[in-house]
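Structural characterization, general
Here's the letter readout for the chains.
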Amino acid sequence: MITRKLVAALLCAAMTSCFATSVSAQKENPDFKAVAEKLDSGGTFYMYVDIDGVFENLISSVEPLLSATGIPQLSVVPAIARSVVKALGLDQLNDFGVSIVELGDGISRMKTYLKLKEPVGLFELRGGEPRELAALAQVPSDALVAVADDSDLKPLVPLVEKVATSAMGPAGEATVRQAIEKLKAQMKIDIPALLGSLDNE
């Protein structure tokens, strides 16, 4: 007679085997290796997630539900969502990793890395590969919180126009341009010039 303890032991062995296989497979995954090179090993926390196609999977999962409603306005939502995801560059997400290492005296270092197929859309606004920012040299050693960023904001207006076009068609881009011109005429704010002056660290 198979006891509950035996069943539990068999399940535990099966799960351990599957876990060992998955870890071994991940170590041979070139994407995993690329993310691991940007993180710390041997710390208190380590996570790797394959996020390739996550938004497409989400859209595909709700698409049948929207089609089943029989409401024409809802049936076009997946196509619009896919267009917006592409415009934002969210279809380029590939992998994500996090690591935490204790440095002592209650101080820890957390690293995160987002691996992309191509840095387009939103990710064009970011700086280059991870590096130590020169601005950090200006932070006092006894500072409690410090935030440094490397951004290129010049592509922001074209990105907003592209996303608006994806969601609303040509009228979307026209709406964005009208809003920018209105700010410039009424409040003397030149958005493209302003964003151009704010880029870099």
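See the structure printed just above.
Note that the structure is predicted; figures quoted are calculated from it, not measured. (Residues numbered from 1 in each chain as written. Predicted model: local features only at pLDDT ≥ 70, side-chain atom pairs only at ≥ 80, totals over all residues. Heavy atoms only, no water.)

1. Let's talk about the overall build of the protein chain
The secondary structure content of the protein chain amounts to 8 helices and 3 strands. Starting at the N terminus, the α and β elements of the protein chain follow one another as α-α-β-α-α-α-β-β-α-α-α. By the burial criterion, 21% of the 201 residues in the protein chain qualify as buried. In the protein chain, the share of contacts with a sequence separation of at least 24, taken over all contacts with a separation of at least 6, comes to 60%. As presented, the protein chain carries roughly 14000 Å² of accessible surface, and 63% of it is formed by carbon and sulfur atoms. (Helix = DSSP H or I, 4+ residues; strand = E, 2+ residues; numbered from the N terminus. Buried < 20%, exposed > 50% of the residue type's maximum accessible area, 1.4 Å probe, protein only. Contact = heavy atoms within 4.5 Å. Areas by Shrake-Rupley, 256 points an atom, 1.4 Å probe, with all protein chains shown as cover.)

2. Thoughts on the packing of aromatic side chains
For the structure on display, the rule yields 1 aromatic pair. Pairing Phe32 with Tyr48 gives two aromatic rings, centres 5.0 Å apart and planes at 85°, and the pair type is edge-to-face. Of this pair, Phe32 sits in helix H2 (residues 30-36) while Tyr48 sits in strand S1 (residues 45-50), and the two are 16 residues apart along the sequence. Like Phe32, the residue Tyr48 is buried in the burial classification. (Phe/Tyr/Trp six-rings, centres within 6.5 Å; stacked < 30°, edge-to-face > 60°.)

3. A closer look at the nonpolar core
The nonpolar side chains of a soluble globular protein tend to be buried with one another. Formed by Ile51, Ile59, Val84, Val85, Ala87, Leu88, Leu90, Leu93, Phe123, Leu125, Leu159 and Val163, the largest nonpolar core amounts to 12 residues. Looking at this core, the elements that each hand over two or more residues are helix H5 (77-88) and helix H6 (156-168). The element best represented in this core is H5, accounting for 4 residues. Ranked by size, the runner-up nonpolar core spans 6 residues in total, among them Leu153, Val157, Ala164 and Ile180. (Core = buried A, V, L, I, M, F, W, Y, C linked by side-chain atoms within 4.5 Å.)

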